[in-house]
Amino acid sequence: MTIDPTDIDRLTPPELVTLADPPASKEACIEFLLDVAVEAGRVEDREQALADLLQREEEATTGVGFGIGIPHAKTTAVSEPAVVFGRSEAGIDFDAMDDEPAHLLFMLLVPAEGGEEHLEILSSLSRALMHESVRDSLRTADSVAGVRSALKEAVSG
């Protein structure tokens, strides 16, 4: 299974897209993105979600290169999957293997009992983001609707 354009409505509704510049440190950025999910009512236990996200960061970097950071966790703090989108003008050090700062940020939160959906979402998102045109569209989108449109186009192609 791969995610398709209709999944964007479920995984990344407008309230999970922020165009506000996040804090410059990785941990503060993770908390910033998590707070977007909390405010949208998608997280039942902020502290548990944060602990799970930070634990995952300790295991291996979520800086995937190409200016992308995908902090993610399977957690009991959510009952349905959510993907928060944010971006940083200056870039944030996510310890990527290519040493490039992350400008495009995706926080993936999935239920601990989520089965394989976690890997399916992560894989589909990663494949779409390998295309420079997709990254450019996400960097230059000037509205929440523009970001969501770029995401839908990315997963459809």
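Located above this text is the structure these notes cover.
Residues numbered from 1 in each chain as written. Predicted model: local features only at pLDDT ≥ 70, side-chain atom pairs only at ≥ 80, totals over all residues. Heavy atoms only, no water.

Colleague: Can you tell me about the pairing of strand β4 (residues 82–92), naming the residues and giving the values?
Modeller: In terms of burial, β4 is a largely internal element, 9 of the 11 residues being buried. One ladder, built from 7 bridges, connects β4 with strand β5 (residues 102–111); its direction is antiparallel. Opposite Ala82, over in β5, you have Leu109 as the bridge partner. (Buried < 20%, exposed > 50% of the residue type's maximum accessible area, 1.4 Å probe, protein only. Helix = DSSP H or I, 4+ residues; strand = E, 2+ residues; numbered from the N terminus. Pairing = 2+ DSSP bridges.)

Colleague: Give a description of helix α3 (residues 46–59) that names residues and reports values.
Modeller: The terminal C-alpha atoms of α3, which comprises 14 residues, lie 20 Å apart, in line with the 20 Å expected from a rise of 1.5 Å per residue. Looking at α3, one finds that the buried residues are Ala49, Leu50, Asp52, Leu53 and Glu57. All buried residues of α3 fall inside an arc of 165 degrees around its axis, so they share one side. Exposed and facing more than 90 degrees away from the buried side of α3 are Glu47, Glu58 and Glu59. Turning to α3, the residues buried within the fold contact α2 (26–39), β3 (72–75) and β5. (Expected span 1.5 Å × (residues − 1). Arc of directions from axis to C-beta. Contact = heavy atoms within 4.5 Å.)

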